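One letter stands for each residue in the lines below.
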Number of protein chains: 2
Amino acid sequence: MNKKPLILVSNDDGITAKGIRTLVEVMQEIGDVLVVAPNSPQSGMGHAITIHSPLKIHKSDIFEGLFENKNNHTVEAYESSGTPADCVKLAKYYVLKGVPPDLVVSGVNHGSNTSISILYSGTMSAAIEGAIEGMPAIGFSLCDFGSGADFSHIKSYIKKIALQALETGLPKGTALNVNFPAKQSEDIKGIKICRQAKAKWQEVFDERADPYGRKYLWLSGSFVNHDHGEDTDEWAIANNYISIVPCVFDLTAHHAISILNDEWEIL
Amino acid sequence: MNKKPLILVSNDDGITAKGIRTLVEVMQEIGDVLVVAPNSPQSGMGHAITIHSPLKIHKSDIFEGLFENKNNHTVEAYESSGTPADCVKLAKYYVLKGVPPDLVVSGVNHGSNTSISILYSGTMSAAIEGAIEGMPAIGFSLCDFGSGADFSHIKSYIKKIALQALETGLPKGTALNVNFPAKQSEDIKGIKICRQAKAKWQEVFDERADPYGRKYLWLSGSFVNHDHGEDTDEWAIANNYISIVPCVFDLTAHHAISILNDEWEIL
């Protein structure tokens, strides 16, 4: 491990969020920190990138003087109009001029990104973009989206996980999706490596009328999990464990290739 | 196979694009068609969904009288302010009140969605959203983003692929990413079931100044493919084959679970 690693921090809740402040606080204890984060909330942005409009990026002093700097580590921060995935591209190719950071971390997201939510998650898209660029990359989420969410019980775990990733690296072609249980009266039980639970959102569209009588809809839904496997992220969180799902960005359903080759008559 | 299937059509280039017109034309030869598509271009939207603002959806007559209706099949169309993934949710949960269509098709995208581009693709996010909902789902892309792109050589193949998917179904938990080579002087050579090539975008940020002297950037890049496997989608397209990559939405890197359990000391 590099003695003084360079750590890129991004998120999807925007640079002013409490979650990213927590992540920057922990990371500046480990190494030099570069923050490139959206200038506004981008939840649900999935792996969107900005190709039809230009991007803005500005230096930010939002973290200045916030943390006790014991180790003489630097924190340099930028806010951007881009998506989380844009921010990682901007960090590597624009701010760092092609030099990869030693670690990419994203979050801490205000709310769960377990199971199928990983696909909609801007937090995880920043991590996955990091992994595509060949860097060890981790997305962190706290399963509490309340405005009073408490991040204090997860700081030591974030540090352990980041140090382990810097030490051991990550399996090639993967990023980690880390979810923390919300603060409870008892301590977190430990960390489990999990698979993504087979669950999904059952949607409801809440129909309303604007002051001019024109109809609009709010996407809203409930999470449905019929997968009670004890090796799933959902099980881990429900039982007060930290879940870590290693994730691919090669979406090939390798097992399905031979099925299609066998069954499809048009080939 | 249902005698008269109901086919949901969406895309990411917006309801006015030539590509979706091509797809609707072919699908209404097979069954009744429901179109729910964005009212503006949404390329690069990835799997974004709209959770911070409300959605609009309106009936559209854009396809009326366009096709010779030999089979008495209906075409009902809606345009929405939502993303491609929103459109599939709107179709199933709002327009169809929970009844799943027999097939979801998305596209035909103006431009390639091979290799890593699947992650950024709005076209594929509509297909993957369909697969999450348990429906056979296919994203179609033509490797030509020129304004004069010719879709005529792919219509018979789109029909064959859609009929095959309706007939055989798709392997559970997968969606298909279909890419067509641009029109060439010789005919397409055939269809290949492929894996996603290990390639990525090398980004460049084109820095400019607005009329007030303020800096802005355009994301721009070149595609870098070091994976020359003859089982990849890139190889198929380069050799004038149609590539079909079956894709997962369970992102778990299953092989990495045991690696992490073995190597990580903090567990």
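Note that the structure is a prediction, hence the values are computed from the model and not measured.

> I'd like a rundown of the overall build of chain A, residues and numbers included.
Each helix and strand counted, chain A has six helices and eleven strands in total. Based on the C-alpha atoms only, the size of chain A along its principal axes is roughly 60 × 55 × 50 Å. Classification of the 267 residues of chain A by burial places 52% in the buried group. Counting only contacts in chain A whose residues sit at least 6 apart along the sequence, the fraction spanning at least 24 positions is 78%.

> Please set out the pairing of strand β6 (residues 137–142) of chain B residue by residue, giving values where relevant.
Residues and elements named next belong to chain B. Among the six residues that make up β6, six are buried, leaving the element largely enclosed by the rest of the structure. Burial along β6 is two-sided: the residues Ala 137, Gly 139 and Ser 141 and Ile 138, Phe 140 and Leu 142 are all buried. One ladder, built from five bridges, connects strand β5 (residues 103–110) with β6; its direction is parallel. Bridge pairing in β6 links Val 105 to Ile 138. Sheet analysis places β6 next to strand β7 (residues 174–180), joined by five bridges and oriented parallel. Its bridge partner being in β7, Gly 139 is matched across the sheet by Asn 177. In this view, the connection linking β6 to its parallel neighbour β7 by way of helix α5 (residues 155–168) has left-handed handedness.

> Hey, could you go over the relation of the copies chain A and chain B for me, with residue numbers and the actual values?
The pair of chain copies shares a relation made of a rotation about an axis and a shift along it. With an RMSD of 0.0 Å, chain A superimposes on chain B once it is rotated by 180° and translated 0.0 Å along the axis. Given the turn and translation reported, the copies of this chain are related as if by a two-fold rotation axis. Most of the interface of chain A is mirrored in chain B: 100% of its interface residues are interface residues there too.

> Outline the pairing of strand β2 (residues 32–38) of chain B, listing residues and values.
All names here are of chain B. Within β2, six of the seven residues are buried, which leaves the element mostly enclosed by the surrounding structure. Sheet topology note: the strand β1 (residues 6–10)/β2 ladder contains four bridges and is parallel. Bridge assignment links Leu 8 to a residue of β2, and that residue is Leu 34. Running through helix α1 (residues 18–27), the crossover from β1 to the neighbouring parallel element β2 is right-handed. Note: β2 against strand β4 (residues 75–80), six bridges, orientation parallel. For Val 35, the partnering residue across the bridge sits in β4 and is Ala 77.

> So, the interface of chain A and chain B: which residues are in play, and what are the values?
The interface is formed by 65 residues belonging to chain A together with 65 residues belonging to chain B. Mapped onto the side of chain A that touches chain B, the elements with two or more residues apiece are α2 (84–95), α3 (122–132), α4 (155–168), β8 (191–193), β9 (199–209), β10 (215–225), β11 (242–248) and α6 (254–263) of chain A. The leading source of residues in the side of chain A that touches chain B is α6 of chain A, at seven residues. Looking at the side of chain A that touches chain B, its residues break down into 40 nonpolar, 14 polar and eleven charged.

> Break down the nonpolar core for me, with residues and values.
Core analysis: the largest hydrophobic core is formed by 159 residues, its most contacted members being Val 35 and Ile 138 of chain A together with Val 35 and Ile 138 of chain B. Not counting residues up to four positions away in its chain, the partners in contact with Ile 138 of chain B are Val 105, Ala 127, Ile 161, Ala 162, Ala 165, Ala 175, Leu 176 and Val 178 of chain B.

> Can you explain the sheet that holds β1 of chain B? Please cite residues and give values.
Residues and elements named next belong to chain B. Read across the sheet, nine strands follow the order β3-β4-β2-β1-β5-β6-β7-β11-β8 without closing on themselves; strand pairing throughout is mixed. If you trace the sheet from one side to the other, it starts and ends with β3 (57–60) and β8 (191–193), each paired once. Sheet twist, expressed as the mean angle between neighbouring strand axes with direction ignored, is 20°. Contacts from helix α2 (residues 84–95) reach β1, β2, β3, β4 and β5 within the one sheet, and its direction differs from that of β2 by about 135°.

> For the environment of Asp 231 of chain A, give the residues involved together with the corresponding values.
Residue and element names in this part refer to chain A. Looking at where Asp 231 falls in the secondary structure, it is placed in the loop between β10 and α5 (233–238). Of the residues examined, Asp 231 has 14 C-beta atoms within 10 Å and is grouped as partly exposed. Not counting residues within four places of it along the chain, the set of residues in contact with Asp 231 comprises Cys 194 and Arg 195.

> Please provide a residue-by-residue account of α2 of chain B, values included.
Residues and elements named next belong to chain B. Counted residue by residue, α2 has eleven buried out of twelve residues, so it is predominantly covered. Within the span of α2, buried status applies to Pro 84, Ala 85, Asp 86, Cys 87, Val 88, Lys 89, Leu 90, Ala 91, Lys 92, Tyr 94 and Val 95. Phi turns positive one or two residues past the end of α2, at Lys 97, with a value near 50°.

> Explain the sheet that holds strand β5 (residues 103–110) of chain A residue by residue, including any values.
All names here are of chain A. The nine strands are arranged β3-β4-β2-β1-β5-β6-β7-β11-β8 in an open sheet whose pairing can be described as mixed. At either margin of the open sheet sits one strand with a lone partner, and together these are β3 (57–60) and β8. The average undirected angle you get between the axes of adjacent strands in this sheet is 20°. Packing against the sheet, α2 makes contact with β1 (6–10), β2 (32–38), β3, β4 (75–80) and β5, and its axis sits at approximately 135° to β2.

> Could you give an account of the environment of Thr 16 of chain B, naming the residues involved and the relevant values?
Residues and elements named next belong to chain B. Looking at where Thr 16 falls in the secondary structure, it is placed in the loop between β1 and α1. On the neighbour-count criterion, Thr 16 (15 C-beta atoms within 10 Å) is partly exposed. Distance from Thr 16 to Ala 37, taken between C-alpha atoms, is 9.2 Å for residues 21 residues apart in sequence.

> Provide a residue-level description of the packing of helix α1 (residues 18–27) of chain A against α4 of chain A, including the pertinent values.
All names here are of chain A. Here α1 crosses α4 at 55°, and the two axes come no closer than 10 Å. Classified by the angle their axes make, α1 and α4 are oblique. Of the two elements, α1 crosses α4, and the hand of that crossing is right-handed. The segment α1 lies against α4, with Thr 22, Leu 23, Val 26 and Met 27 engaging Lys 155, Ile 158, Lys 159 and Ala 162. Here the contact of α1 with α4 is composed, by residue class, of five nonpolar, one polar and two charged.

> Got a sec to walk through unusual backbone geometry? Specific residues and values, please.
In this chain, Gly 107 of chain A is followed by Val 108 of chain A through a cis amide linkage whose omega measures -10°. Assignment of secondary structure puts Val 108 of chain A in strand β5. The backbone of Ser 115 of chain B sits at a positive phi, close to 50°, despite the residue not being glycine. Here Ser 115 of chain B is to be found in the loop between β5 and α3 (117–120).

> How would you summarise the packing of α2 of chain A against α3 of chain A if you had to cite specific residues and measurements?
Residues and elements named next belong to chain A. Interaxial distance between α2 and α3 falls to 7 Å at its minimum, and their mutual angle equals 30°. Between α2 and α3, the interaxial angle falls into the category roughly parallel. As for how α2 packs across α3, the hand of that crossing is right-handed. Counted together, Pro 84, Ala 85, Cys 87, Val 88 and Lys 89 of α2 and Gly 122, Thr 123, Ser 125, Ala 126, Glu 129 and Gly 130 of α3 form the full contact between these two elements.

How each quantity is defined
Position numbers for residues start from 1 in each chain and track the written sequence from start to end. All chains are assigned letters beginning with A, and all ligands numbers beginning with 1, in the order in which they are written. pLDDT decides what is reported in this predicted model: residues at 70 or higher carry local features, side-chain atom pairs at 80 or more are listed and counted, and totals for whole chains, interfaces and linings draw on all residues regardless. A run of DSSP states H or I qualifies as a helix once it reaches four residues; a run of E qualifies as a strand once it reaches two. Both are numbered from the N-terminal end. Residue burial here comes from a neighbour count, namely the number of other C-beta atoms, placed from the backbone, that lie within 10 Å of the residue's own C-beta, with 20 or more meaning buried, 12 or fewer meaning exposed, and in between meaning partly exposed. By the convention adopted here, residues are in contact when the distance between their C-beta atoms, placed from the backbone, does not exceed 7 Å. Note on pairing: two strands pair once DSSP finds at least 2 bridges between them. Crossovers are marked right-handed if the path from the first strand over the helix to the second runs clockwise, as seen with the strands pointing away from the viewer. For this overlay, a least-squares fit was computed on C-alpha atoms, restricted to residues scoring pLDDT of at least 70 in both copies. In the scheme used here, Gly and all other residues not listed as nonpolar or charged are polar, with Ala, Val, Leu, Ile, Met, Phe, Trp, Tyr, Cys and Pro taken as nonpolar and Asp, Glu, Lys and Arg as charged. For this entry, the nonpolar core is defined as buried Ala, Val, Leu, Ile, Met, Phe, Trp, Tyr and Cys residues connected by C-beta atoms within 7 Å. Between the N-to-C directions of two axes lies an angle of 0 to 180 degrees, each axis being a line fitted to C-alpha atoms and, for a helix, fitted only over the stretch in contact. When describing relative orientation, an angle under 35 degrees is termed roughly parallel and one over 145 degrees roughly antiparallel, while 65 to 115 degrees is termed roughly perpendicular and anything else oblique. The sense of a crossing depends on the near helix, which, turned anticlockwise from the far helix by less than a right angle, makes the crossing left-handed and, turned clockwise, makes it right-handed.

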